[in-house]
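Inside the fold
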Amino acid sequence: MMGGAPFYEFGRFGEGTSLVIAVLLGIAFGWFLEQGGMGNARKLSGQFYFTDLSVLKLMFSAIVTAMLGLFWLSWAGLLDLSRVYVPETFIAPQIVGGLVFGVGFATGGLCPGTSCVAAATGRKDGLALIAGMLAGVFVFGEAFPAIDRFADSTARGAWTLPQALGLSQGTVVGILVAVALGAFAGAEWLERRAEHPARPMKLAA
Amino acid sequence: MTTDARRRPGIERALAVLAIVGGVLAVIAGSPARPTRGSVDVTELARIVEHEEDHVTAMELARWIRDDRPRLRVLDIRADSEFADFHIPAATRVPLAEIARMPLDSAATYVLYSEGGTHAAQGWFLLRARGMTHVFFLRGGLYEWLEQVMNPRVASTTPRAQRDSIRALTLWFGGKMTVVDSASATTTPSVLDGELSAPHKSDTRETIRKIRRRAC
């Protein structure tokens, strides 16, 4: 039964084919982000003022879709979850990295992926952010010898929510679906509040 | 925005229902993990074992670690307490049972070791069965590491360049190389030439104690 996906891991196709597929998926990803208005820094910034929570809804849609797909494909024996790459966790460095990322996102209005989308449609702020991103990568690379001890600290390996919470994967899936739907409802409520200035909201002042 | 004309409330509701159903059923299904089944090409494995391509020597492993070989994963499959006593730098402790189900990286090079070589060889087979191709084990186990890397005894007749390279590697790991007469170097039983097929636990303990005393 086992041994369908991930196709690359099981040698169904080679490095070259996988790169071609990656390019096609990347183009599709960018196209759909643009269709969702994610190349627009003004729209993305709305998230930080609780006026437009598209990013939150998009992220949760993607998470829930991928999560349910992986879970049920694995359950059906079409996918070997143990062969799906899980990024490693480094608690302290990732908190610091997350804060830096957040500052950049709130300041520029775009995240790395959406800045590429914005640049592809010719938006100058997107180009500026890509230049900033590359500069940041360069500075990080040059500074790495000085911070590598910190970068490797508080390592937890490939750490997943079921492991951390001691729950079954199915239970975590159920909880996350509930959280996502709750977040959708909350986001829509916030957006409706923001659309009716007759009832001013303190947070969006 | 909520007032986007392109929105289709019907589809949104259907997707929400689908997510709820998928989520609730997932809680009931519990874990998607099926028994992990692997398959092996028996002829291929036999060929690898025959050609002795299934293991690394302690010296090779030491060079890999020192030279930071990309995506090298050294797995120690001994007990927790033994790992705490002493382990090869860069090694992670992974129980044998965990090897059967842990997430794997097909691009990584896995090197397994145990006290002797048996458990590591069994772990090697498990990883091969799970489809990994770059898998090796330390044939003489930790004992070989202690003997060849931490406390190598090199004959005085060994060429100078070779001696220096061994010394540098040993020092890198905090060990100590001893130069001995060519006669006693060859008579020292080595786990590699098969004279000492089953290293005794006490030998490993004793060697670890010696290394500790040197306070490295």
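Residues numbered from 1 in each chain as written. Chains lettered and ligands numbered in written order. Predicted model: local features only at pLDDT ≥ 70, side-chain atom pairs only at ≥ 80, totals over all residues.

1. Looking at the overall build of chain B
We apply this condition: Secondary structure is summarised from DSSP: a helix means a run of H or I of at least four residues, a strand means a run of E of at least two, and numbering begins at the N terminus for each. Three exposure classes are used, all based on how many other C-beta atoms lie within 10 Å of a residue's own C-beta (placed from the backbone): buried at 20 or more, exposed at 12 or fewer, and partly exposed between those limits. Throughout, a residue-residue contact means that the two C-beta atoms, derived from backbone geometry, are no farther apart than 7 Å.
When you go through chain B residue by residue, the secondary structure sums to 10 helices and 7 strands. Burial statistics for chain B: of 216 residues in total, 25% are counted as buried. Restricting the contact set of chain B to residue pairs at least 6 apart, pairs at least 24 apart contribute 69%.

2. As for the nonpolar core
A general feature of soluble globular proteins is that nonpolar side chains tend to end up buried together. Residues and elements named next belong to chain B. Rules: For this entry, the nonpolar core is defined as buried Ala, Val, Leu, Ile, Met, Phe, Trp, Tyr and Cys residues connected by C-beta atoms within 7 Å.
In this structure, Val111, Leu112, Tyr113, Phe137, Leu138 and Trp145 are the most contacted members of the largest nonpolar core, which totals 29 residues. Elements represented by at least two residues in this core include exactly helix 3 (58–66), strand 2 (72–76), strand 4 (109–113), helix 6 (118–129), strand 5 (135–138) and helix 7 (141–150). Broken down by element, this core gets its largest block of residues, 6 residues, from helix 7. Among all residues touching Leu112, those that are not within four sequence positions of it are Leu75, Ile77, Ala120, Gly123, Trp124 and Phe137.

3. As for the pairing of strand 2 of chain B
Residues and elements named next belong to chain B. Put simply, the test is: What makes two strands pair is DSSP finding at least two bridges between them.
Pairing geometry for strand 2 and strand 4, over 5 bridges, is parallel. Looking across to strand 4, one finds that Val74 is bridged to Val111. Relative to strand 3 (residues 91–93), strand 2 runs parallel, the two being bridged by 3 bridges. In the sheet register, Asp76 faces strand 3, and the bridge partner there is Arg93.

4. Quick notes on unusual backbone geometry
If a residue is not glycine, its phi is most likely negative; likewise, a peptide bond is most likely trans. Residue and element names in this part refer to chain A. Residue Thr154 is not a glycine yet carries a positive backbone phi of 40 degrees. Mapped onto the secondary structure, Thr154 falls in the loop between helix 6 (124–151) and strand 2 (155–157). Looking at Thr154, the number of C-beta atoms within 10 Å reads 12, which means it is exposed.

5. A closer look at the sheet that holds strand 1 (residues 55–56) of chain B
Residues and elements named next belong to chain B. The condition is simple: Convention adopted: a line fitted to C-alpha atoms gives each axis, helices being fitted over their contacting stretch, and angles between N-to-C directions are expressed from 0 to 180 degrees.
Ordered by their spatial adjacency, 5 strands build an open sheet running 1-5-4-2-3, and the pairing between neighbours is parallel. Each having just a single partner strand, strand 1 and strand 3 make up the two edges of the open sheet. Against the sheet, helix 6 touches strand 4 and strand 5, its axis set at about 175 degrees to strand 5.

6. Some points on the interface of chain A and chain B
To be explicit about the condition: Just so you know the grouping, Ala, Val, Leu, Ile, Met, Phe, Trp, Tyr, Cys and Pro go in nonpolar, Asp, Glu, Lys and Arg go in charged, and all remaining residues, Gly too, go in polar.
Taken together, the 30 residues of chain A in the interface contact 23 residues of chain B. Considering every element that reaches the side of chain A that touches chain B, the biggest residue donor is helix 8 (residues 169–195) of chain A, with 12 residues. Taken together, the residues of the side of chain A that touches chain B sort by class into 15 nonpolar, 8 polar and 7 charged.

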